[in-house]
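A look at the structure
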Amino acid sequence: AQKITQTQPGMFVQEKEAVTLDCTYDTSDQSYGLFWYKQPSSGEMIFLIYQGSYDEQNATEGRYSLNFQKARKSANLVISASQLGDSAMYFCAMRDDPNFGNEKLTFGTGTRLTIIP
Amino acid sequence: GAVVSQHPSWVICKSGTSVKIECRSLDFQATTMFWYRQFPKQSLMLMATSNEGSKATYEQGVEKDKFLINHASLTLSTLTVTSAHPEDSSFYICSAAPQETQYFGPGTRLLVL
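Predicted model only: the values in this text are computed from it and were never measured.

A count of helices and strands for chain A gives zero helices and 12 strands. Along the chain direction, N to C, the helices and strands of chain A fall in the order β-β-β-β-β-β-β-β-β-β-β-β. What you see for chain A is a C-alpha radius of gyration of 14 Å, in line with the 13 Å of a compact globule of 117 residues. When its C-alpha atoms are laid out on the principal axes, chain A stretches across 40 × 25 × 20 Å. Classification of the 117 residues of chain A by burial places 48% in the buried group. Sequence separation of at least 24 residues holds for 57% of the intrachain contacts in chain A that already meet a minimum separation of 6.

Residue and element names in this part refer to chain B. The alternating pattern of strand S3 (residues 19-25) places Val 19, Ile 21, Cys 23 and Ser 25 on a buried face and Lys 20, Glu 22 and Arg 24 on a face that is not buried. In this structure, strand S1 (residues 4-7) lies alongside S3, joined through four bridges in antiparallel fashion. Bridging from a neighbouring strand, Gln 6 pairs with Cys 23 of S3. Relative to strand S8 (residues 76-81), S3 runs antiparallel, the two being bridged by six bridges. In the strand pairing of S8, Ile 21 is matched with Leu 79.

Glancing now at the interface of chain B and chain A. Opposite the 21 residues of chain B that make contact, chain A presents 23 residues. Summed over both partners, the interface of chain B with chain A comes to about 1600 Å²; 54% of that surface belongs to carbon and sulfur atoms. Across the contact surface, chain B and chain A share one salt bridge. The closest approach of N and O atoms between A:Lys104 and B:Glu59, which form a salt bridge, is 3.2 Å. For the pair chain B and chain A, the interface holds six residue pairs in polar contact (both at pLDDT 80 or more). Mapped by element, the contributors of at least two residues to the side of chain B that touches chain A are strand S4 (32-38), strand S9 (90-96) and strand S10 (103-104) of chain B. By residue number, the principal contributor to the side of chain B that touches chain A is S4(B), which donates four residues. Considering only residue class, the side of chain B that touches chain A consists of 10 nonpolar, eight polar and three charged.

Under the definition given, this model contains two disulfides over all chains. Residue A:Cys23 pairs covalently with A:Cys92 via a disulfide, S to S 2.0 Å. In this structure, the disulfide formed by A:Cys23 and A:Cys92 twists by about -65° around the S-S bond and is classed as left-handed. On the criterion of sequence distance, the pair formed by A:Cys23 in the loop between strand S3 (19-21) and strand S4 (24-26) and A:Cys92 in strand S10 (residues 88-95) is long-range, its members being 69 residues apart. Taking the relative accessible area as the measure of exposure, A:Cys23 reaches 0% and is therefore buried. In this model B:Cys23 forms its disulfide with B:Cys94; the gap between the sulfur atoms is 2.0 Å. Disulfide B:Cys23-B:Cys94: the torsion about the S-S bond is 85°, which places it as right-handed. Within this pair, whereas B:Cys23 is found in strand S3, its partner B:Cys94 is found in strand S9, the two being separated by 71 residues in sequence. The class of B:Cys23 is buried, set by a relative accessible area of 0%. Residue B:Cys94 is classed as buried on the basis of its relative accessible area of 0%. Of all cysteine sulfurs in the structure, the one in B:Cys94 sits closest to B:Cys13, which takes part in no disulfide; the separation is 19 Å.

Calculation notes
- Residue positions are given per chain, counting from 1 as you read along its sequence in written order.
- All chains are assigned letters beginning at A, and all ligands numbers beginning at 1, according to the order in which they are written.
- For this predicted model, a pLDDT threshold of at least 70 governs which residues receive local features, and a threshold of 80 or more governs which side-chain atom pairs are given and counted, while totals over whole chains, interfaces and linings are taken from all residues.
- The basis for the side-chain values is all heavy atoms of the structure; hydrogens and waters are excluded.
- A run of H or I in DSSP becomes a helix once it reaches four residues, and a run of E becomes a strand once it reaches two; helices and strands are each numbered from the N terminus.
- C-alpha atoms define the radius of gyration in this analysis, and the globule rule sets the expected value at 2.2 Å times the number of residues to the power 0.38.
- Here the term buried applies to any residue with accessible area under 20% of the maximum for its type, exposed to any over 50%, and partly exposed to those in between, with areas from a 1.4 Å probe on protein chains only.
- Residues count as neighbours in contact if any of their non-hydrogen atoms are within 4.5 Å of one another.
- We treat two strands as partners when DSSP finds at least two bridges between them.
- Two parts placed together each lose some accessible area under a 1.4 Å probe, and adding up what both lose gives the buried area.
- Salt bridges are counted wherever a side-chain nitrogen of Lys or Arg sits within 4 Å of a carboxyl oxygen of Asp or Glu.
- Each polar contact in these results corresponds to two N or O atoms within 3.5 Å; when the atoms are within protein, one needs to be able to donate a hydrogen and the other to accept it, and residues that are neighboring in sequence are counted only if both atoms are side-chain atoms.
- As a working rule, the residues Ala, Val, Leu, Ile, Met, Phe, Trp, Tyr, Cys and Pro are called nonpolar, Asp, Glu, Lys and Arg charged, and the rest polar, with Gly in that last group.
- For the purposes of this analysis, a disulfide is any pair of cysteine sulfur atoms at a distance within 2.5 Å.

Below, the structure written as structure tokens:
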């Protein structure tokens, strides 16, 4: 069975600093996909970034990058130059097949990020 | 990204009534949609996988007679909470994937009095 572990229940970061949110995963599958979602207080789940298990390069999307270390089974999210609007819950998630969207996601417990002005 | 809508965003109902929540993919067709439930300060828990034209697949521990799912078209899935009770109060959110990424609706907050 798949498992996602987020060990940081909460983090406080000064505005404009970079922040790393940890995510480790456990799977016996060779093919999988890793996701990060942001959930502000409104409740919506906002897709941030995706990494396929066979992707050799770390994914990047604007200020977001995914530090993918396959051997260590980690997929940490790095947010550069944090902004007040980054304050939210962040969830790491995994799907069995990296290329097939119609597979369910397994979520971690989340990290609440608070940006301090 | 792709757009998924949900309606209603908020619902308050009396205990014993049924509540229907709609999930629509606005700019793509979705043969599969997912329904999640989230309690305060917790993560998302998958309830069921909604399959267009066939029966939904429920996760272990989710009562299929309590949470009725209908996926009648390629853009619409509905979740009906039957005979709702206060313990059903939660945040319900759906998702669908046009390709490899799942996009979520804005969610529905259900409060059963």
